[in-house]
Amino acid sequence: MKRKKLNGILASAITAGMILAGCNATATPEIGAAETTETSVPEEKQESSAAEEEKQETSAPEEKQEEENNETSAPDEKKETSAPKEKPAGGEHEITSESYPVYAMTEPLGMDMKLYFLDGVKDLPYIESEEILFLINDALLGDEASGINFTMEKNGSIITYTRHHNEEKAFDDNIPLTFDFDKDTIDFMDFDLFCKSPGSSTLLDLTAMHVFNDKGEPAVFQKVDRGSYDRYGDSLVLPLGEYGIDMIMQDGLYLVPLQTINDFLITAPSGANLFFNCKNLILTAKASECEDLYYEGETGERSPALQEYGYKELCLMMDYLYGLKEPHEIEHFAQLFHENGFEAMLKSSDPKNADIAIYRTITDYLDDGHSQFGSYSYLTGKNDYKAPKGASEYRWNDHYERYTKAREKFYPDGIPGYEEVGNTAYITFDQFYMESVEGEEYYTTDPKDFSDQDTIGLIMKAHSMITRENSPIKNVVIDLSCNLGGMADTAVFTLGWFLGEASIGMKNTMTGAMCSSTYRCDVNRDRKFDEKDELGDRRLFCLTSPVSFSCGNLVPCIFKESNKVTLLGRTSGGGSCVVEPASSAWGTSFQLSGIKRLSFVMNGAFYDIDRGADPDYAISTPEQYYDRKALTEYINSIY
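Residues numbered from 1 in each chain as written. Predicted model: local features only at pLDDT ≥ 70, side-chain atom pairs only at ≥ 80, totals over all residues. Heavy atoms only, no water.

### Examining the sheet that holds strand 6 (residues 175-180)
Spatially, five strands are ordered 4-5-6-7-9 in an open sheet, and the strand pairing comes out antiparallel. With one partner strand each, in any of the chains shown, strand 4 (148-155) and strand 9 (236-238) form the two edges of the open sheet. Looking at each pair of strands side by side, their axes are set apart by 15 degrees on average, direction ignored. One ladder, built from eight bridges, connects strand 4 with strand 5 (residues 158-165); its direction is antiparallel. For isoleucine 148, the partnering residue across the bridge sits in strand 5 and is histidine 165. (Pairing = 2+ DSSP bridges. Helix = DSSP H or I, 4+ residues; strand = E, 2+ residues; numbered from the N terminus. Axes fitted to C-alpha atoms, helices over the stretch in contact; angles between N-to-C directions.)

### A look at the confidence of the model for the protein chain
Looking at the protein chain as a whole, the pLDDT averages 84, with 83% of positions reaching at least 70. Throughout residues 1-5 the model reports pLDDT below 50, and contacts reaching past four residues in sequence, or to other chains, amount to 18 contacts. This stretch, residues 14-90, has a pLDDT under 50; its non-local contacts, to residues over four places away or in other chains, come to 221 contacts. (pLDDT = per-residue confidence, 0-100. Contact = heavy atoms within 4.5 Å.)

### Observations regarding the nonpolar core
In terms of nonpolar packing, the biggest core is built from 166 residues, with Phe179, Phe194 and Trp497 touching the most fellow members. For this core, the element with the most residues is helix 8 (residues 304-321), which contributes 11 residues. Apart from the residues lying within four places of it in its own chain, the contact partners of phenylalanine 194 are Ile136, Leu141, Phe150, Tyr161, Thr162, Arg163, Ile175, Pro176, Leu177, Phe188 and Leu265. (Core = buried A, V, L, I, M, F, W, Y, C linked by side-chain atoms within 4.5 Å. Buried < 20%, exposed > 50% of the residue type's maximum accessible area, 1.4 Å probe, protein only.)

### Considering the pattern of salt bridges
Counting across every chain of the model gives 19 salt bridges. Residue lysine 560 pairs with aspartate 616 through a salt bridge whose shortest N-O separation is 3.0 Å. Residue lysine 560 is located in helix 15 (residues 551-562), and its partner aspartate 616 is located in the loop between strand 24 (605-608) and strand 25 (617-618); the two are separated by 56 residues in the primary sequence. In this structure lysine 560 comes out as partly exposed when scored by relative accessible area, which is 30%. (Salt bridge = Lys/Arg side-chain N within 4 Å of Asp/Glu carboxyl O.)

### Some words on the packing of aromatic side chains
Tallied over the full model, the rule gives 30 aromatic pairs. For the pair tyrosine 161 and phenylalanine 179, a centre-to-centre distance of 5.6 Å together with 80 degrees between the ring planes defines the contact as edge-to-face. Here tyrosine 161, found in strand 5, pairs with phenylalanine 179, found in strand 6; they are 18 residues apart in sequence, far enough to count as distant. Phenylalanine 179 shares its class with tyrosine 161; the two are buried. Their ring planes at 85 degrees and their centres at 5.8 Å tell us that tyrosine 322 and phenylalanine 333 sit as a pair that is edge-to-face. Residue tyrosine 322 is found in the loop between helix 8 and helix 9 (333-339), and its partner phenylalanine 333 is found in helix 9; the two are separated by 11 residues along the sequence. For the residue pair tyrosine 322 and phenylalanine 333, the accessibility class agrees, reading buried in each case. A connected cluster of aromatic rings, assembled from ring pairs, spans Phe150, Phe188, Phe191 and Phe194. Over the ring of tyrosine 443 we find arginine 527; its NZ or CZ atom is 4.1 Å from the centre of that ring. (Phe/Tyr/Trp six-rings, centres within 6.5 Å; stacked < 30°, edge-to-face > 60°. Lys NZ or Arg CZ within 6 Å of the ring centre and 35° of its normal.)

Structure, rendered in structure tokens:
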């Protein structure tokens, strides 16, 4: 790779990926549309392997017998016609290398990355230890301004990367990551500390916004110590060898499959993917964001080596990065794929068969809302096959259609973001969204000019109206009845506005790390974080429905626990895991309910929010949500 600092460019792409992923549905379906939106779901405490102890139980894909594969073959599966090329005498590989241009989404970065290939196989790239260091230090996690840098040390078959923090007594200093090429293991002493982003003030920080301007003045958010703590997770050993995945040490080179590095050092901490299409490398959250560039790769069959590795890496990635294994009663994905007839499809030479197997796994067996199929592999090309909806997704889509149709009866031209009905103000947004992570922009725009689509701007505008001189407003209602979720920053801002302080819990289901973060918000834009950012003695309400999902579910759950906000409507729709983009080794693009699970903290304990928040006062029909004259009378009658 041509050496140059990339933190700014690549960090922007990664931040974009994180925002697009968020903790929500990222697209709004039209009423009656065939496709519903992306949503979210609960938990799972995945224990990290310490390798040998549970080897027999966690042993993975390659242990399946060939005759079993034949029994579970899918009807249209193409038969494998060739075996992987034999290693040269002495057990060594023929190693070649080639450099490829790198893009951040569709923007060329003016640099190349060198990849390595074994035994003439060109669709299964490996990355060398020096390039891994460059990715970690100069592109992903290192940050000169924060005093964070990474070093690499070689000791025989072991490569150790160490995170350093120049700040004295920093809790994320000297954190190692070890690659053992003899044992084929990747060992994180502390995954969360090693991968902690430079701007994070806590172990599992929820916000992505830049919270200071060039003068060092606070903007929008203030993270406070009260109620904030970090609880470290367990060490994490990824047993690649148990999954039949080899790391190669030969000719002075230390080679790791690129997809393995992508899954655990790019996707897991950063919410982005590094896609390879045999022509380019593209850093983006989803292949759909750069389709023309991505589908430049030639279509065709997968090599036998890619068939074998791609299946094993998919099992490894799903076992560790899917946040809901326990509630879905999935012990190992290899077992799930085998029992449901997808193993043979995933191992076939036809990439379309393998893509469909991923699609069907997500819709039929995960069916959790946040997990969604994205785009077919470049080897498959653009494809119009769509798997049938799962039962949960179908039910959620039915709710969405009923509520949006009911709303259209009362608001045929669209519901306003801010509306006053008598003494009651209604603030409505169907997604938690912000137009920029540059917090300073909220101080250079007049509140009346904020878009109703920008949740933070809408709340600032609403606050100025509600608190104006001689304001008639006694009740304030946030309508989340059709809210699909969205960006975590805006959910935090909403909570901070209503509650004064927003305290949110986060748990990493892969490592067991837990964090509670507390924020105050500058709603009136005076760069002070005080009672003027709150609503005083006004009565606070939140409208929820079965559609209210992910962040649209997180907010009412924390409202409920606070005992400061009255919930009206129906039980919210659940969704507790932050959605994470994912990919296969052959380039399938999809997303999963990830390892970061949102919680509320009560009496020092973390409680999952996936079952939703029950209303304090039920509303029987969708129509009653949107007849706001009658609803306002009802709200006033409560008191």
